[in-house]
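Residues per chain, in single letters:
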Amino acid sequence: MPVAGAASRRPGLDFPQPLCASPRRFQDASHEPGPDMHAYRSHTCGALRLADVGRSVRLSGWVRRVRDHGGLLFIDLRDHYGITQCVADPDSPAFAAAEAVRAEWVIRLDGQVRERPADTYNANLDTGEIEIFVEEIEVLSAAAELPLPVFGEPEYPEDIRLRYRFLDLRRERMHRNIVRRSEIMTSIRRRMTEAGFIEFQTPILTASSPEGARDYLVPSRLHPGRFYALPQAPQQFKQLTMMAGFDRYFQIAPCFRDEDARADRSPGEFYQLDIEMSFVTQDDVFDAVEPVLRGLFEEFAEGKPVSQRFPRIPYAEAIGKYGTDKPDLRNPIEMAPVSEHFRGSGFKVFATLLDKDAQAEVWGIPAKGGGTRAFCDRMNAWAQGEGQPGLGYIFFREGEGAGPVAKNLGPGATEAIRAQFNLAEGDAVFFVAGRPKVFAPFAGQARKKVGEELGLIDTERFDFCWIVDFPMFEWDEEEKKVEFSHNPFSMPQGGLEALETMDPLEVKAFQYDIVCNGVELSSGAIRNHRPEIMRRAFEIAGYDERVLEDKFGGMVRALQYGAPPHGGIAPGIDRIVMLLCGEENLREVVMFPMNQQAQDLMMGAPGEVSPRQLRELHIRLALPEPQKQV
RNA sequence: GGGGGUGUAGCUCAGUCGGUUAGAGCGCUGGCCUGUCACGCCAGAGGCCGCGGGUUCGAGUCCCGUCACUCCCGCCA
């Protein structure tokens, strides 16, 4: 069998695009087959309709599927724009050629458009009322046996999908995701521009910054022993842009962080819609960003409702009600403290805990519809699987609270808890106890699990919220010191006075996140534009002035020469696209992603380089002992 | 760095308590088939059971190690 390299070229994309997304024809009807016919096609595979019946056409594309009936043979021809059924019978001069083609070959064919017999219309295809009677076939590129099928949309191992990404991207769902990503990008640029923002470019090769994630480093040839760093975000550049007197900056900015991946966190690189504005308060930023995101989501949500106002939830309240600073508001469960019902009660485990530790609390997680022993036991087993001692519960049936907790707690307190959460027959409530700081993340997981298990989450919605009033500092248990909890450049609420007079751990920052359906889309802040406040903030976090000068010199200098109050935010593009494509994994919306180990299996990155390249960079390798084999 | 899961045909998977020649679907090769669109029917090819070691009369199956992929924790201002 003839074997050729896989065709990655898409002639269609080289054609000038008319205004409509799917051009019906590339050429005028006057260009019928003949000497003037285009070499590859007169129409795309998504173009032809009943009105074209009788026309002589030329199509090119991939063979999606062949159905060979012996005396009659169908080829589904696919390109970027659609699928057209082509048919050949022994009367056709192309019959022998048609019998030879296989899936994913690239062919060009000429033929006549004809109406399908009415009872064989295919409503699933835009072109389903017509077919092409094939008169000539030219194989433009044959395909070897496929390492993964293109037809159909089942699950395949990711390493194979990534190694043969060009095949994976031919699949309908991936192709649609990537096109939608492009449309989302275009819409974002339009919306930002219409809102008066202008797009800037900032350096990719820049300096390492001491805070935050691990940097990707690029060795300098001209300066032995020195390194550039790829930007973790254009944070300082966008602030400097404001100090330079521009206003309303945006950029769809590549960001690079050398940290381990997650399903919702690409290894290595990702994109942010980076935004910064001058002379603004927190409310001004919200008022600028909210309509862009709402409009964007409404445009691509396919009818799913989108929050009209994004509720603003203080950080502390989010932790208390949802156990997390990225709550999924589609989940109606709100937790609340129930310590008072347990204090001094007959349920000794919690009563003793509360007695011994003044900081201890008990929280309740109401579970509407979870009032069966089977469900409660299942949740308890789940909690143990998560490394917890268990998950206490009361479930309500036959007019009373049931379960071991209720038995020891007594009917009075049990009824008080039922009333507090407004629970009824058939409902349950789960309990977590200890120091909130320690158990809150688990409580959040339990809330999520209960919501999912009981089907309380309406997946056909986009629920946004702002999380506001993040703490400025937090206690770093490992280093035993106060550390910036988010961005060191955020303005503390209350300014210098707050830093001078308050417990640092009590100081809040003008720091905020946008959360949608439990996904943290972005974080931002009103920046600290006052050098004396910044010096004090760094001092509290244990950095002396030299560090500030060394590492943030450019920015600190700029602050001394007239810096406007400014602030911004940076929504994650990949996560937005993921939500709007209904995907659970970022790799489904990135065209050529790396795997979880930050390798590009298709291109072979990271790869080895020649000794000469290393010499030029003044680099000698000091590999770990068990020498890596490649 | 740590924990969980997975690894058997090109692809998706099954494989019982450790027991004969390791199976199915899709794909591939050949044959039949004139209205299919997940076409249908018949036949065939295709296996280092991830890799290495061990236990055993006997290992896809049990044990140890290792590699790869993936999910999670740490990490991600």
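Right above here is the structure, for reference.
The model shown is predicted, which means the values in this text are computed figures rather than measured ones.

What counts as what
- Each chain carries its own residue numbering, running from 1 in the direction its sequence is written.
- Chains carry letters and ligands carry numbers; both start at the beginning, A for chains and 1 for ligands, and go up in the order they are written.
- Owing to the predicted nature of the model, reporting of local features is limited to residues with pLDDT of at least 70; listing and counting of side-chain atom pairs is limited to 80 or more, with chain, interface and lining totals taken over all residues.
- Calculation of side-chain values draws on the structure's entire complement of heavy atoms; hydrogens and water are dropped beforehand.
- Exposure above 30% relative accessible area and the absence of a salt bridge qualify a residue for a patch, where like charges join within 9 Å and nonpolar side chains (Val, Leu, Ile, Met, Phe, Trp, Tyr) within 5 Å.
- For every accessible area listed, the method is Shrake-Rupley and the probe measures 1.4 Å; residues are considered covered only by the protein chains on display.
- Throughout this description, the term salt bridge denotes a Lys or Arg side-chain nitrogen within 4 Å of a carboxyl oxygen of Asp or Glu.
- Starting at the N terminus, helices and strands are each numbered in turn, a helix being any DSSP run of H or I of at least four residues and a strand any DSSP run of E of at least two.
- Exposed residues in this analysis have more than 50% of their type's maximum accessible area, buried residues have under 20%, and partly exposed residues fall in between, with area computed by a 1.4 Å probe over protein chains only.
- We call a residue near a molecule or strand whenever a single non-hydrogen atom of that residue lies within 4 Å of it.
- Polar contact is defined as a pair of N or O atoms within 3.5 Å, subject to the rule that within protein one atom must be able to donate a hydrogen and the other to accept it, and that residues adjacent in sequence are counted only when both atoms are side-chain atoms.
- Note on residue categories: nonpolar means Ala, Val, Leu, Ile, Met, Phe, Trp, Tyr, Cys or Pro, charged means Asp, Glu, Lys or Arg, and polar means any other residue, Gly included.
- We treat two strands as partners when DSSP finds at least two bridges between them.
- The charge count treats Lys and Arg as positive and Asp and Glu as negative. His and the chain ends do not count.
- Contacts were defined at the residue level, with two residues in contact if any of their heavy atoms lie within 4.5 Å.
- A helix is expected to reach a length of 1.5 Å times the quantity of its residues less one.
- Here the bend at a residue is taken as the angle between two axes, fitted respectively to the seven residues that end there and the seven that start there.
- Comment: axis = line fitted to C-alpha atoms, over the contacting stretch for helices; angle = value between 0 and 180 degrees taken between N-to-C directions.
- When describing relative orientation, an angle under 35 degrees is termed roughly parallel and one over 145 degrees roughly antiparallel, while 65 to 115 degrees is termed roughly perpendicular and anything else oblique.
- With the far helix as reference, a near helix turned anticlockwise by less than a right angle produces a left-handed crossing, and one turned clockwise produces a right-handed crossing.
- Here a Phe, Tyr or Trp ring, Trp counted by its six-membered ring, pairs with any other such ring whose centre lies within 6.5 Å, and the pair is stacked when the planes are under 30 degrees apart, edge-to-face when over 60, and tilted otherwise.
- In this scheme, the term charge over a ring applies when either NZ of a lysine or CZ of an arginine sits within 6 Å of the ring centre and within 35 degrees of the ring normal.
- Residues belong to one nonpolar core when they are buried, are Ala, Val, Leu, Ile, Met, Phe, Trp, Tyr or Cys, and are joined through side-chain atoms within 4.5 Å.

A.B. asks: When you look at a nonpolar patch on the surface in this model, what are you seeing that I'm missing?
C.D. replies: A surface patch of nonpolar side chains, about 220 Å² in accessible area, is lined by Leu-50, Val-53 and Tyr-121. Position of Val-53 relative to the elements: it lies in the loop between helix H1 (11-14) and strand S1 (56-68). Val-53 sits in the partly exposed class, given a relative accessible area of 39%.

A.B. asks: Which parts of the structure should I look at to understand the environment of Ala-416?
C.D. replies: Mapped onto the fold, Ala-416 is located in helix H13 (residues 411-420). Under the relative-accessibility criterion, Ala-416 is labelled partly exposed at 28%. The spacing of Ala-416 and Ala-143 is 273 residues in sequence and 71 Å in space, taken between C-alpha atoms.

A.B. asks: Can you help me understand the protein's contact with RNA strand B in this one?
C.D. replies: Contacts to RNA strand B come from 51 residues, most closely from Arg-65, Asp-68, Thr-120, Pro-157 and His-486. If you look at RNA strand B and keep only atoms within 4 Å of the protein, 51% of those are sugar or phosphate atoms. Within the side chain of Gln-85, a nitrogen or oxygen atom sits 2.8 Å from a base nitrogen of RNA strand B. At 3.0 Å from a phosphate oxygen of RNA strand B is found a side-chain nitrogen or oxygen belonging to Arg-102. Secondary structure elements with two or more residues in the surface near RNA strand B: S1, strand S2 (73-79) and helix H3 (158-163). When grouped by side-chain class, the residues that make up the surface near RNA strand B number 16 nonpolar, 16 polar and 19 charged.

A.B. asks: Looking at this structure, how should I read the sheet that holds strand S6 (residues 198-199)?
C.D. replies: Each strand in a sheet pairs with its neighbour through backbone hydrogen bonds, running either in the same direction (parallel) or in the opposite one (antiparallel). What the eight strands build is an open sheet, ordered S6-S9-S10-S22-S21-S20-S17-S11; its pairing is mixed. The sheet terminates laterally at S6 and strand S11 (312-314), the two strands that pair on one side only. Relative to strand S10 (residues 268-278), strand S9 (residues 249-257) runs antiparallel, the two being bridged by nine bridges. Paired with Phe-256 across the bridge in S10 is Glu-269.

A.B. asks: How should unusual backbone geometry be read in this particular structure?
C.D. replies: Note that the residue after Ala-605, namely Pro-606, is joined by a cis bond; omega there is -5°. By the secondary structure assignment, Pro-606 is in the loop between helix H18 (573-580) and helix H19 (611-616). At Glu-104, a position not held by glycine, the phi torsion is positive, near 75°. In this fold, Glu-104 is placed in the loop between helix H2 (95-100) and strand S4 (106-115). Even without a glycine there, the phi angle at Ala-598 is positive, about 60°. One can find Ala-598 in the loop between H18 and H19. Assessed through its relative accessible area of 23%, Ala-598 is described here as partly exposed.

A.B. asks: Can you walk me through the side chain of Arg-447 in this structure?
C.D. replies: Relative to the assigned elements, Arg-447 resides in helix H14 (residues 436-453). Buried charge Arg-447 goes without a salt bridge, the closest partner of opposite sign being Asp-328 at 6.4 Å. For Arg-447, the residues in contact, after removing those within four places along its chain, are Lys-321, Tyr-322, Asp-328, Asn-331, Ile-333, Met-335 and Ile-365.

A.B. asks: Would you mind showing me how to read helix H17 (residues 545-559) here?
C.D. replies: Side chains three or four residues apart in an α-helix point the same way, a direct result of the helix having 3.6 residues per turn. Taking 1.5 Å of rise per residue, the 15 residues of H17 would be expected to cover 21 Å, yet its terminal C-alpha atoms sit only 14 Å apart, more than 12% below that figure. Along its length, H17 shows its largest kink, about 105°, at Phe-552. Considered for burial, the residues of H17 that qualify are Leu-548, Phe-552, Gly-553, Met-555, Val-556, Ala-558 and Leu-559. Buried residues in H17 make contact with helix H6 (235-243) and helix H16 (531-540). N-capping of H17 is provided by Asp-544, with a side-chain oxygen placed 3.0 Å from the backbone N of Arg-546.

A.B. asks: I would appreciate a short explanation of the packing of helix H5 (residues 172-194) against H18 in the present structure.
C.D. replies: The axes of two packed helices give the description: the angle between them and the distance between them. Put simply, H5 and H18 touch, their axes get as near as 10 Å, and they point 120° apart. Taken as axis vectors, H5 and H18 run oblique relative to one another. The two elements H5 and H18 cross, and the hand of that crossing is right-handed. Between H5 and H18, the residues in contact are Arg-180, Arg-181, Ile-184, Met-185 and Ile-188 and Ile-573, Asp-574, Val-577 and Leu-580, respectively. Residues that form the contact of H5 with H18 fall into these classes: six nonpolar, no polar and three charged.

A.B. asks: Is there a simple way to explain the packing of aromatic side chains in this structure?
C.D. replies: Aromatic ring pairs are defined here through the distance separating the ring centres and the angle between the ring planes. Scanning the model with the defined rule gives 24 aromatic pairs in all. Residues Phe-297 and Phe-464 carry aromatic rings whose centres are separated by 4.8 Å and whose planes lie at 85° to one another, so their mutual orientation is edge-to-face. Taken together, the residues span a long stretch of sequence, with Phe-297 in helix H7 (residues 282-300) and Phe-464 in strand S17 (residues 464-468) at a distance of 167 residues. Residue Phe-297 is classed as buried on the basis of its relative accessible area of 0%. Among the residues examined, Phe-464 registers a relative accessible area of 0% and is labelled buried. By way of ring pairs, the aromatic residues Phe-286, Phe-297, Phe-310, Phe-462, Phe-464, Trp-466 and Tyr-512 are connected into one cluster. Across from the ring centre of Phe-151, 4.0 Å away, lies the NZ or CZ of Arg-65, which sits over that ring.

A.B. asks: Even after reading the chapter, I still don't get the pairing of strand S18 (residues 473-476), so can you show me in this structure?
C.D. replies: The side chains of a regular strand alternate between the sheet's two faces. Sheet analysis places S18 next to strand S19 (residues 481-484), joined by four bridges and oriented antiparallel. Looking at S19, one finds that Trp-475 is bridged to Val-482. Taking the residues between adjacent antiparallel strands as the criterion, S18 and S19 are bridged by four residues, where Lys-480 takes a positive phi near 55°.

A.B. asks: Sorry, what's going on with the nonpolar core here?
C.D. replies: It is characteristic of soluble globular proteins that their nonpolar side chains tend to be buried jointly. Ile-275, Phe-297, Phe-462, Phe-464, Trp-466, Phe-473 and Leu-521 are the most contacted members of the largest nonpolar core, which has 68 residues in total. Considering each element in turn, this core owes the most residues, nine residues, to H7. Leaving out residues up to four positions away in the same chain, Phe-462 has contacts with Phe-297, Ala-301, Lys-304, Pro-305, Val-306, Ser-307, Cys-516, Asn-517, Leu-579 and Leu-580. Formed by 24 residues, the second largest nonpolar core is a distinct cluster that contains Leu-48, Cys-86, Ile-137 and Ala-142.

A.B. asks: What exactly am I supposed to notice about the pattern of salt bridges here?
C.D. replies: Two side chains with opposite charge may pair up if their charged atoms get near one another. Inspection of the entire model under this criterion finds 48 salt bridges. With a closest N to O distance of 3.3 Å, Asp-52 and Arg-55 form a salt bridge. As far as burial versus exposure is concerned, Asp-52 and Arg-55 are alike and both buried. A salt bridge links Arg-64 to Asp-76, with the nearest nitrogen and oxygen atoms 3.7 Å apart. Note that Arg-64 is positioned in strand S1 and Asp-76 in strand S2, a separation of twelve residues in sequence. Residue Arg-64 is classed as partly exposed on the basis of its relative accessible area, which comes to 22%. Assessed through its relative accessible area of 7%, Asp-76 is described here as buried. Ionic contacts of the salt-bridge type, sharing partners, join the residues Arg-58, Arg-108, Asp-110, Glu-136 and Glu-138 into one network.

Functional significance is not addressed by these values, which are geometric in nature.
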